[in-house]
Structure formats: C-alpha cells, structure tokens
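Residue strings, one per chain:
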Amino acid sequence: GGPSEPLEPWALRYAASAAMAAYHINNRVTSLVPQAQNLLPPNFKLVFDVKDTEALPSVAVNHAVAWSEEGRHAIVGTYRSAVTGPLALVASIDATPVIGWGGS
C-alpha cells in the first residue's frame, strides 16, 4: 500500500518471518539451527529494518541512500524487480549487495 495504507497481510507475514529470523540469529537460538552458537562471531548482530517502498523506485532509492549513510552491509530487495533494480544500482555505489526475492 501507499504511505497512508496498511501493508498487505502477505507483506506483514514476510516481515514477521524476517524479524523472527533476525531474533534467532542475534540470540543464537539453537532450536532451529543447533549449530547457531558456533556459526557466527560472538559480537555479530543482525540489524533488521523494514521500509515501505510504496512500489516506487524513487522511494526505494531514497531508502538506499539513507541506509548507505547508516553503513548497512546488505539489503533484501523488494517484491518488484522494477523497484529492486534501481535500489541495487544505488546500493552498488557502496558495494552493498542486494538480494531480490520476488522480482525476475
């Protein structure tokens, strides 16, 4: 949805799943991945943040610029390749990898 519209239920489920994964990684929860205690350095922390791109490349690019200033190390792209493409282009300036999960 747009800035005044709530996120679609499927988008909320994906965001909740990613937040749970980040929690499990940061707290080294071993119920799903028994080796979680030993896989990452002790001080490793995964920062999780969700931004609504409103399905607009310009909004995604603005988020990428802000994340660059914050020193992000990787970005999970959007559902639409038309949005992830420009996002990845801007992120590439700082050599930040972008994982596109829904586009082609």
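Residues numbered from 1 in each chain as written. Predicted model: local features only at pLDDT ≥ 70, side-chain atom pairs only at ≥ 80, totals over all residues. Heavy atoms only, no water.

Draft legend 1. Fine view of helix H3 (residues 57–70). Its 14 residues place the ends of H3 20 Å apart at the C-alpha level, agreeing with the 20 Å of an ideal helix rising 1.5 Å per residue. When we look at burial in H3, the residues that qualify are Val59, Ala60, His63, Ala64 and Trp67. The buried residues of H3 all sit within an arc of 140° when viewed along its axis, so they share a single face. The outward face of H3, more than 90 degrees from its buried face, is lined by the exposed residues Asn62 and Glu69. Residues of H3 that are buried sit in contact with strand E1 (75–76) and helix H4 (81–91). One or two positions beyond H3, positive phi appears at Gly71, with a value near 80°. (Helix = DSSP H or I, 4+ residues; strand = E, 2+ residues; numbered from the N terminus. Expected span 1.5 Å × (residues − 1). Buried < 20%, exposed > 50% of the residue type's maximum accessible area, 1.4 Å probe, protein only. Arc of directions from axis to C-beta. Contact = heavy atoms within 4.5 Å.)

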